[in-house]
Amino acid sequence: MEKIRIIIADDHELILKGISVILRSYPDFEIVGEATNGKEVVALTLQLTPDIVFMDISMPDLSGIEACRQILRHYPDTRIIALSQHEDGEYVYQMLKAGGSGYMLKDSSKEEFGNAIQSVLAGEKYFSAKISEIMITDLMHRKEQENSSDLPPVHITRREKEIIEMIADDLSNQAIGEKLHISQRTVETHRRNIMQKLNVKSVVALLKYAVKHNLISLE
Amino acid sequence: MRLNIGNKLFLSGFIVLFFIILIAVAGDIVVRILKRTSHLIVVEYRELEGIQKVSFSLIQVLSPVKTYMIEGGVKQLSLFQHRITDVTTALDSCETVLTKRHNEEILAGVRNSLVIVDSLGKSLFSKPPNASEQMRILHQMQKIIDNSLAGTQALQIETEEELNEYVRTNEIAILHSTITIILLGIILTFIVLVGGFLVIKKITSPIIQLLDTIYQVKRGDMKAKAEVQSRDEFGELAGAFNSMLERIDEVTVSRNFYNNILNSMFNGLIVTNRQGSITSLNDAAAELLEETKENLTGSSIKDLFADPDDYTKLMEVEQRGGGDILTETTLKSHKEKMIPVLFSASALQDHNGNISGYVIVIHDATEKKKIEQKLDQIRKERTIAINEAEEKERLRIATDLHDGLGQILTSVSFSLENLDSGLPEGSSGLKDDLNQAQEQIKAAISESKRISHNLIPLALKDFGLVPALSHLINQVNQQSSIRFSFDTFNLDKRIDARLEKVLFRICQESVNNILRHSQATKAYIQLIRHEHSIVLGVEDDGIGFHVEEQEKSHSGIGLASIRERISAFGGSLTIQSARGKGTELVIEVPCKTS
């Protein structure tokens, strides 16, 4: 049976050693190359055309994400799995956007490494357990925001609401400032914020929105 | 003896008078001469008249006789005697007038002849008219009379000759006199002219000289001196004038000295009257205000102040104390240029102690202001630099932790993993220990990540403010009961890296404050991007706090440091909070459209 050819890329020698030892314990896996920076891994990959690349995201010279992009441009079938210590959803997102097949934390266990390789070879995406958690939380958060239709799509702060009310009462900025004990400049800043947030360009549009979303009443 | 001008003039007058008298005397002499000659003429004329009378009367004698001889008549005898008497009378009067020069004998002869004629006549008249006898007597009488007539004729000629001579003499005398008088007149005129000229010169020359000296002085030559030419009043005048010049020179020297001081001053000096109208100023003041001295003199100092209120404030203080004030203010030049100055004013008192005006010294504070602004600028830059350094430090530590320590721990974990898989079956106790060690290592890795993330989320550098903040909010939401929400508006592009870091930090600190102090249930964080600025808003519904107190306290929520950092970027911070009403923080920072 053909062995699965793997290239590992990490700028830390110890990590490289560690992972390679883990992988070597699997008889089906063959480590064909090791790289310590982005440029090197791209060159190596293009040269050796492995099946799998374990890519450290934060490497000098070329980031893992960028290296991933470059490799996939030439060999789109290469499975690239991100290795990272970052648990930030953004990193995962970026990696997936670049065409990565999975995202794992470096302190994953031997089994996880094995599972990861199997999954991606089968065409699936693989994520460490923790990463999956984070991704789902993100998703939930986003969905929540989308689904809540009784709240106005844009959140208006307490202060902003007060100011909209006073604008509706036809108070000048100076008067508003005096009433709320803030400077006229701050009132102007709030006004600008409100207009930008609600994406309106005139007071009329602003008030229309406000009425529509029950921020003020028409008395 | 001091000759004064009066005396001199008097003297000149005398000389003129002398010559006038001279002419008068000459005239008198001439008149006398003429009088004499004319007198002589008169005398001769009288003589001539007398002689002619005699002649005439003699001629008349015979006519009555002739008439008697023709007509007869007694009348003729008396007439004849009349005529004889006439001759006698004429002779008498002629004798009186005849001068001794002439021949007296002639007249005596005539007299004698007359007697004879008389007697002949008488005889003629006594005889009866006998023509031949009478004719003979007549002829005798005629002869005698003719003789006499010849005599008188001779006398007459003599007299006429004398007369002519005197007339000639007279004419000559007149001629000479005229010439003399004219000559004298000319000489006198000449003398008066010359003399007058000299006198005038004598008088006007020192006056002109004095005028010249005055003109010299007027042109600026203070060392000019009038000549003291004579020892009269003019000399005195020249001398006095010279002393006056010396005095003026002295005064000018001291005035120049003071002017020199005033105009050498570096600071501007302005003197005004009580109403604030500028009466004088030095070069430095004019230069500072970019205007000529002439234009500024007479103008009101009120117009020089950029803020008219400053003037009234200053003047009030002035009038209150009469002392001095020293303050910073801004003046405005004619070209509307703003000039920051140090301004000091004192009251000017006259010798009665009344305030007659103000003395103002202005010191150009432009440099000072520039330096102040520069210091301010440096401070701002330093703050930013310090922040930068802090951030770098944090980044370094975070990176070291995350990449360095973290990696090492990870590789340890790998080693343990390998160890685990390499363990023979049955060594469960060892396996347990190993698993425990692995857990601990995982925990260590987690902890180092957490620490590093707290220092600085690497996502901030790599992906920007919005993802970093989202992540932060998500984490916080997981860890606390407070419900944080986060919105961004118009933030598609990344902004200046330093600004990102500052805003992130401020947000982080605000969130921490809310977690620690606010006891809030909800909090809302928004980032809004405007055309030229970015706004960060943090609002919570907690218990609020006393803003001023917190700002003053150093161990507080670091409001002061937040304000400092924001102001270094040119931004502004508004914080509104009150007990029980929650807190609202609005930060606006100018942001270039990158």
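Residues numbered from 1 in each chain as written. Chains lettered and ligands numbered in written order. Predicted model: local features only at pLDDT ≥ 70, side-chain atom pairs only at ≥ 80, totals over all residues. Heavy atoms only, no water.

Student: Looking at this structure, how should I read the overall build of chain A?
Tutor: When helices and strands are counted, chain A shows 10 helices and six strands. The 219 residues of chain A split such that 47% are buried. (Helix = DSSP H or I, 4+ residues; strand = E, 2+ residues; numbered from the N terminus. Buried < 20%, exposed > 50% of the residue type's maximum accessible area, 1.4 Å probe, protein only.)

Student: Hey, could you run me through the packing of aromatic side chains in this one?
Tutor: Each pair of aromatic rings is reported with the distance of its centres and the angle of its planes. In the structure shown here, the tally under the stated rule is eight aromatic pairs over all chains. Aromatic pair Tyr26(A) and Phe29(A): ring centres 4.9 Å apart, planes at 40°, arrangement tilted. Ring plane angle 65° and centroid distance 4.6 Å describe the contact between Tyr91(A) and Phe463(B), whose orientation is recorded as edge-to-face. One end of the pair, Tyr91(A), is in helix α4 (residues 89-98); the other, Phe463(B), is in helix α11 (residues 458-463), on a second chain. (Phe/Tyr/Trp six-rings, centres within 6.5 Å; stacked < 30°, edge-to-face > 60°.)

Student: For this particular structure, what's the right way to read the pairing of strand β2 (residues 29-35) of chain A?
Tutor: Taken residue by residue, a regular strand's side chains alternate between the two faces of the sheet. Residue and element names in this part refer to chain A. As judged from the six bridges shared by strand β1 (residues 4-9) and β2, these two strands associate in the parallel manner. Bridge pairing in β2 links arginine 5 to glutamate 30. One crossover worth recording links β1 to the parallel β2 by way of helix α1 (residues 13-24), and it is right-handed. (Pairing = 2+ DSSP bridges. Right-handed = clockwise from strand over helix to strand, strands pointing away.)

Student: So what exactly am I meant to see when it comes to the sheet that holds strand β8 (residues 533-540) of chain B here?
Tutor: One key point about sheets: their strands pair by backbone hydrogen bonds, in either a parallel or an antiparallel sense. Residue and element names in this part refer to chain B. Sheet architecture is open: five strands sit in the order β6-β7-β8-β10-β9, paired in mixed fashion. Among the strands making up the open sheet, the edge pair consists of β6 (483-489) and β9 (572-578). Adjacent strand axes in the sheet meet at a mean angle of 10° when their direction is disregarded. Bridge count for strand β7 (residues 522-529) against β8 is seven bridges, and the pairing is antiparallel. Bridged to leucine 527 within β8 is leucine 536. (Axes fitted to C-alpha atoms, helices over the stretch in contact; angles between N-to-C directions.)

Student: Whenever I open this one, the interface of chain A and chain B confuses me. Can you help?
Tutor: Residue-level contacts link 49 residues of chain A with 50 residues of chain B. In total, about 3900 Å² of surface goes out of reach between chain A and chain B, with carbon and sulfur atoms giving 50% of it. On the chain A side of the contact with chain B, Gln85(A), Asp107(A) and Arg158(A) bury the most area, a combined 17% of that side's loss. At the surface where chain A touches chain B, the tally comes to two salt bridges. Of the charged contacts, one joins Glu584(B) and Arg159(A) as a salt bridge, the two residues approaching to 3.1 Å between their closest N and O atoms. Taken together, the links from chain A to chain B amount to 18 residue pairs in polar contact (both at pLDDT 80 or more). (Contact = heavy atoms within 4.5 Å. Buried area = accessible area lost by both parts, 1.4 Å probe. Salt bridge = Lys/Arg side-chain N within 4 Å of Asp/Glu carboxyl O. Polar contact = N/O pair within 3.5 Å; in protein donor to acceptor, adjacent residues only side chain to side chain.)

Student: Could you clarify how one ought to interpret the nonpolar core in this entry?
Tutor: Soluble, globular proteins show a tendency: their nonpolar side chains are buried together. Residues and elements named next belong to chain B. Phe484, Ile525, Ile534, Leu536 and Ile587 are the most contacted members of the largest nonpolar core, which totals 42 residues. In terms of residue count, helix α13 (residues 497-518) provides more of this core than any other element does, eight residues in total. Each of domain 3 (366-456) and domain 4 (459-594) contributes no fewer than three residues to this core. For isoleucine 525, the contacting residues outside a window of four places in its chain are Ile473, Phe484, Ser485, Phe486, Asp487, Cys507, Val511, Leu536, Gly537 and Val538. Ranked by size, the runner-up nonpolar core spans 30 residues in total, among them Val54, Leu58, Val65 and Leu149. (Core = buried A, V, L, I, M, F, W, Y, C linked by side-chain atoms within 4.5 Å. Domains from an automatic or database assignment.)

Student: Please explain the side chain of Glu500(B) as it appears in this structure.
Tutor: Residue and element names in this part refer to chain B. With respect to the helices and strands, the residue glutamate 500 is situated in helix α13. Note on glutamate 500: relative accessible area 3%, which makes it buried. With residues near it in sequence (within four places) discarded, glutamate 500 still touches Leu460, Gly464, Leu465, Arg494 and Ile495.

Student: Explain helix α1 (residues 5-71) of chain B to me, please; I cannot follow it from the model alone.
Tutor: A turn of α-helix holds 3.6 residues, and therefore any two residues three or four places apart point the same way. The terminal C-alpha atoms of α1(B) lie 96 Å apart, and with 67 residues this matches the ideal 99 Å at 1.5 Å per residue to within 8%. Downstream of α1(B) by one or two residues, Gly72(B) has phi in the positive range, about 80°. (Expected span 1.5 Å × (residues − 1).)

Student: Which parts of the structure should I look at to understand the side chain of Ser20(A)?
Tutor: All names here are of chain A. Within the secondary structure layout, serine 20 lies in helix α1. Classification of serine 20 as buried rests on a relative accessible area of 1%. Discounting residues that sit within four places of it in the chain, serine 20 has contacts with Ile8, Ile31 and Glu34.

Student: When you look at the packing of helix α9 (residues 366-422) of chain B against helix α10 (residues 428-455) of chain B in this model, what are you seeing that I'm missing?
Tutor: Residues and elements named next belong to chain B. The interhelical angle for the contact between α9 and α10, taken along N-to-C directions, is 165°, at an axis separation of 9 Å. As summarised for this structure, α9 and α10 are arranged roughly antiparallel, according to the angle between their axes. The element α9 and its partner α10 pack so that their crossing is left-handed. Of the residues in the contact of α9 with α10, the class split is 15 nonpolar, eight polar and five charged. (Parallel < 35°, antiparallel > 145°, perpendicular 65-115°, else oblique. Left-handed = near helix turned anticlockwise from the far one by under 90°. Nonpolar A, V, L, I, M, F, W, Y, C, P; charged D, E, K, R; others polar.)

Student: When you look at unusual backbone geometry in this model, what are you seeing that I'm missing?
Tutor: Residues other than glycine predominantly adopt negative phi, and peptide bonds predominantly adopt the trans conformation. All names here are of chain B. Phi at asparagine 490 takes a positive value of approximately 65°, unusual for a residue other than glycine. Within the secondary structure, asparagine 490 sits in the loop between β6 and α13. Its identity is not glycine, yet glutamine 519 carries a phi of approximately 55°, on the positive side.

Student: I keep staring at the pairing of strand β1 (residues 268-273) of chain B and nothing clicks. Help me out?
Tutor: Residues and elements named next belong to chain B. The buried fraction of β1 amounts to five of the six residues, a majority that puts the element mostly inside the structure. Strand direction decides the pairing type here: β1 and strand β5 (residues 355-364), joined by six bridges, are antiparallel. Bridge pairing in β5 places valine 271 opposite valine 359. In this structure, β1 lies alongside strand β2 (residues 278-281), joined through three bridges in antiparallel fashion. Bridge assignment links isoleucine 270 to a residue of β2, and that residue is leucine 281. Once β1 ends, the chain turns through four residues before running back antiparallel as β2, passing glycine 276 with a positive phi of about 90°.

Student: Hey, could you run me through empty space enclosed by the protein in this one?
Tutor: With a probe scaled to a water molecule rolled over the atoms, the places where space remains empty come into view. Residue and element names in this part refer to chain B. Per the counting criterion, the structure on display carries four cavities of 30 Å³ or more. By volume, the largest cavity amounts to about 80 Å³. Around the largest cavity, the lining residues are Pro206, Gln209, Leu210, Glu227, Gln229, Ser230, Phe234, Gly235, Leu237 and Ala238. For the lining of the largest cavity, the elements supplying multiple residues, two or more each, are α4 (131-218) and α5 (233-264). Top contributing element to the lining of the largest cavity by residue count: α5, with four residues. Broken down by class, the residue content of the lining of the largest cavity amounts to five nonpolar, four polar and one charged. By volume, the second largest cavity is sized at about 60 Å³. (1 Å grid on protein atoms, 1.4 Å probe; cavity = no way out; pocket = protein on both sides within 12 Å on 5 of 7 lines; lining within 4 Å. Points joined across faces, edges and corners; volume = space filled by probe spheres on them.)

Student: Looking at this structure, how should I read the packing of helix α9 (residues 184-198) of chain A against helix α10 (residues 203-212) of chain A?
Tutor: The description of two helices packed together rests on the angle between their axes and the distance between the axes. Residue and element names in this part refer to chain A. The interhelical angle for the contact between α9 and α10, taken along N-to-C directions, is 65°, at an axis separation of 11 Å. When the axes of α9 and α10 are compared, the pair comes out roughly perpendicular. With respect to the hand of their crossing, α9 and α10 are arranged in left-handed fashion. Counting all contacts with α9, which are made through Arg191, Ile194, Met195 and Leu198, the residues of α10 involved are Val203, Leu206 and Tyr209.

Student: Is there a simple way to explain the pattern of salt bridges in this structure?
Tutor: Proximity of charged atoms lets side chains of opposite charge pair with each other. Evaluation of the coordinates by the stated rule reveals 26 salt bridges over all chains. Through salt bridges with shared partners, a single network forms among Glu328(B), Lys368(B), Lys369(B) and Glu372(B).

Student: How do you make sense of the environment of Ser510(B) when you look at a structure like this?
Tutor: Residue and element names in this part refer to chain B. For serine 510, the location among the structural elements is in helix α13. Spatially, the C-alpha atom of serine 510 lies 9.8 Å from that of isoleucine 562, the residues being 52 residues apart in sequence. Setting aside chain neighbours within four positions, we find serine 510 in contact with Val538 and Leu585.

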